[in-house]
Amino acid sequence: MTIPLMCLNGKDIQEYGLTPLEGTVATLMKPAPLKAAVTNENTSLHGSQVLSAPTARRYAKQDFSLMFYLESESLTDLARAIDDLVTKLIAGKNNTGVNELTIPELERTYRLVYAGSFDKYTDFALSGCATVSIKFTEPNPNNRTLAV
């Protein structure tokens with residue numbers, strides 16, 4: 001499977017030195033979890049009473065990690081690239097703190113907040129580039145309309 005073009009905050013992710021790994025798109029395409037239905041646990045009734053229509057449930061925020069190769073020519077460049085990437089992820093698009101990850105082929109833009117950590121990190125010396133798993137929170141999975 002070919003990994004589609006991705007843009008982060010209006011720039012091709014390769015400008016950040018990132019290449020998505022297999023499974024990154026699949027992680028993004030998973031349906032978002034729903035919030036629990038509003039129920040009443042009345043002790044005088046059997047079971048519980050659902051107070052809102054199950055079809056009126058809303059999406060819950062979700063956390064996930066996306067896997068990328070981070071390309072670099074030396075350990076010094078890698079350290080600088082990681083520092084630069086973290087700074088840009090914290091700032092988000094236009095210093096809002098929200099990053100827009102656009103995948104034109106899916107006709108979606110994911111609005112993500114950097115969760116402040118790289119889950120996994122594979123050392124540069126082993127493969128010529130670092131493998132990173134960047135943790136994000138999607139505050140509103142219902143807002144995935146394509147950004148223009």
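Just so we're clear, the structure is a prediction, and the values are computed from it rather than from any experiment. (Residues numbered from 1 in each chain as written. Predicted model: local features only at pLDDT ≥ 70, side-chain atom pairs only at ≥ 80, totals over all residues. Heavy atoms only, no water.)

(A) Region of the structure containing the overall build of the protein chain. Counting its regular elements, the protein chain contains three helices and nine strands. Projecting the C-alpha coordinates of the protein chain onto the three principal axes gives extents of approximately 70 × 35 × 35 Å. Per-residue burial for the protein chain yields a buried fraction of 34% across its 148 residues. Sequence separation of 24 or more characterises 63% of the internal contacts of the protein chain that already satisfy a separation of 6 or more. (Helix = DSSP H or I, 4+ residues; strand = E, 2+ residues; numbered from the N terminus. Buried < 20%, exposed > 50% of the residue type's maximum accessible area, 1.4 Å probe, protein only. Contact = heavy atoms within 4.5 Å.)

(B) Up close: the pattern of salt bridges. Under the defined criterion, the tally for this structure stands at six salt bridges. Between Lys 61 and Asp 63 there is a salt bridge, with its nearest N and O atoms 3.7 Å apart. By relative accessible area, which is 45% here, Asp 63 ends up partly exposed. Across the pair Glu 100 and Arg 111 runs a salt bridge whose closest N-O atoms are separated by 3.9 Å. Placement of Glu 100 in strand β7 (residues 99–103) and of Arg 111 in strand β8 (residues 108–122) is noted, with a sequence separation of eleven residues between them. For the pair shown, Glu 100 and Arg 111 are each scored as buried. Taken together, the shared-partner salt bridges connect Lys 93, Glu 100 and Arg 111 into one network. (Salt bridge = Lys/Arg side-chain N within 4 Å of Asp/Glu carboxyl O.)

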